[in-house]
Amino acid sequence: MKQASGNRTVPGLDNPLTEGPLQAGLEETHPGPVHGGLNVRELELLGLCPEEVLDFSASINPLGAAPEVMEALRSLPVCAYPDRSCLELRRALAAHLDIRPGSILVGNGSTELIHLIARAFLTPGDTAAVFSPTFGEYAAACRLSGVSPVSIRSQGKAQFQWDLTQALNLISGLKPSLVFVCNPNNPTGTYLSGEEVRQIAESLGGRGLLVLDEAYRSFVDKPWESQGLLRMGSVVLLRSMTKDYGLAGLRLGYMLASEEVLARVGRFQYSWSVNAAAQAAGMAALDHPRHLERGRRMASAGKAFLRSALDRMGLECVPSASNFLLIRVGEASRLRLELLKRCKLCVRDCASFGLPEHIRVCVRNLEDCRRLVRALKVVAATPENHE
Ligand SMILES: Cc1ncc(COP(=O)(O)O)c(C=O)c1O
């Protein structure tokens, strides 16, 4: 295990292991929103290698990347610059989605697009709203544009369903330039209907833009058709190929919107932000759509297994339309650390969502899900994890 260099401390940053300040030399270099995924620095401190840890904290296709994608990457000419407009990939997406290539903007993950949208549509003094608790990048992107977004928050006692009447009234009154809705929502898994989303878009009264992040749509068993909303002109759809096709390390996402909105957003995108490997992987993935369907079915089966096992253990879990589950466990940060140290399993502690009693787990294959249940039985049985 590597030792921290010196014993200076870094004020304001917490060491995930000791809950005290971090030691100098191990500083966080990217203090943005908290996310799932393995934290190499934390694993180092625990004497663990990333390869030996089973990651339940990042919610992606349980099958990972398709073999055909890996094959396409092997023959990639890496010395040439990538196509700045991602033309071939946009054409492939257009055929796949039955939409025009001009209605698509590809990004270095959908996260890049969230930030570009905020830059293009917000200036200090504007208003933005975020349906929460949710993915931290929406608020972060708004703040980088000088806007502190209004949070429209759902409550655990209502199974994290929003009070829609209240939300619609709030939006009509606020007249925000941007509203962010994640559907299905991270971390709750709640899924708004097409009619509910349409009402949210209409409550903007033609003034602002609704950003509907559908990063997890592909894992919904029966998703409603959302592309029709684009006809309203005030709706943007965000999709994540990172999650659909297991390309988190490459980064790939896209947005669908009117050409006017895309032109405004595209002005802020730097040249070559989507690298050649991501573009090639995206095209190979679209050529093999059965991989995603198999991943969805696997996640669906794993979710049913996990839900009934958690139920038998008396652990409350929010009904989820997506490939992850939000579980009430008591002191989540401690449980997460115990799972990591004792069982080499990484789950997402939801304190950063304002849910310190919840963890979020991604649904992996059945064998991995069984391992998670066994580990939870051991670790969650520890008295301090119960209220
Ligand atoms: C709701 C949501 N949107 C977008 C992203 C980021 O996806 P990408 O890898 O495409 O940037 C995440 C990642 O966790 C997410 O949860």
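Our structure's up above, just so we're on the same page.
The structure presented is a predicted model; accordingly, all values stated were derived computationally and were not measured.

**Q** Residues and numbers for the layout of surface pockets, please.
**A** Size it by volume and the second largest pocket reaches roughly 540 Å³. Only α4 (110-121), α5 (137-144) and α8 (241-244) provide two or more residues apiece to the lining of the second largest pocket. Of all the elements, α4 adds the most residues to the lining of the second largest pocket, at three residues. Residue classes in the lining of the second largest pocket are distributed as ten nonpolar, eleven polar and six charged. When residues of the lining of the second largest pocket are assigned to domains, at least three fall in each of domain 1 (32-63 + 291-385) and domain 2 (67-287).

**Q** Pulling in residues and values, what's your account of the sheet that holds strand β6 (residues 150-153)?
**A** To summarise the sheet geometry, strands pair through backbone hydrogen bonds and adopt either a parallel or an antiparallel arrangement. Spatially, seven strands are ordered β4-β10-β9-β8-β7-β5-β6 in an open sheet, and the strand pairing comes out mixed. Looking at which strands have only one partner, the edges of the open sheet turn out to be β4 (104-107) and β6. Neighbour to neighbour, the strand axes of the sheet diverge by 20° on average, direction disregarded. Relative to strand β8 (residues 209-213), strand β7 (residues 178-182) runs parallel, the two being bridged by five bridges. Among the inter-strand pairings, Cys-182 is bridged to a residue of β8, identified as Asp-213. Running at roughly 125° to β4, helix α3 (residues 87-97) makes contact with β4, β9 (235-240) and β10 (253-256) of the sheet. Sheet strands in contact with helix α7 (residues 194-203) are β5 (128-132), β7, β8 and β9, and its direction is about 150° off that of β8.

**Q** Mind laying out the pattern of salt bridges, listing which residues take part and the relevant values?
**A** Close approach of charged atoms allows side chains with opposite charge to pair. Counted according to the given criterion, the structure contains 14 salt bridges. Of the charged contacts in the structure, one is a salt bridge between Arg-100 and Glu-259, with a shortest N-O distance of 2.7 Å. Remark: Glu-259 occurs in helix α9 (residues 259-266) and Arg-100 occurs in the loop between α3 and β4; sequence separation between them is 159 residues. In this structure Arg-100 comes out as exposed when scored by relative accessible area, which is 52%.

**Q** An account of the site of the ligand is requested, with residue identities and associated values reported.
**A** Neighbouring residues of the ligand: 15 residues in total, closest Ser-110, Thr-111, Asp-213, Tyr-216 and Arg-251. Between the ligand and the protein, one listed contact pairs an oxygen atom with a side-chain N or O atom of Arg-251 at 2.6 Å. Expressed as a share of its isolated accessible area of 400 Å², the protein-covered part of the ligand is 92%. Looking at the shell around the ligand, the elements with two or more residues in it are α4 and α8. For the shell around the ligand, the class distribution of residues is six nonpolar, six polar and three charged.

The rules behind the values
Residues numbered from 1 in each chain as written. Predicted model: local features only at pLDDT ≥ 70, side-chain atom pairs only at ≥ 80, totals over all residues. Heavy atoms only, no water. 1 Å grid on protein atoms, 1.4 Å probe; cavity = no way out; pocket = protein on both sides within 12 Å on 5 of 7 lines; lining within 4 Å. Points joined across faces, edges and corners; volume = space filled by probe spheres on them. Helix = DSSP H or I, 4+ residues; strand = E, 2+ residues; numbered from the N terminus. Nonpolar A, V, L, I, M, F, W, Y, C, P; charged D, E, K, R; others polar. Domains from an automatic or database assignment. Pairing = 2+ DSSP bridges. Axes fitted to C-alpha atoms, helices over the stretch in contact; angles between N-to-C directions. Contact = heavy atoms within 4.5 Å. Salt bridge = Lys/Arg side-chain N within 4 Å of Asp/Glu carboxyl O. Buried < 20%, exposed > 50% of the residue type's maximum accessible area, 1.4 Å probe, protein only. Near = heavy atom within 4 Å. Polar contact = N/O pair within 3.5 Å; in protein donor to acceptor, adjacent residues only side chain to side chain. Areas by Shrake-Rupley, 256 points an atom, 1.4 Å probe, with all protein chains shown as cover.

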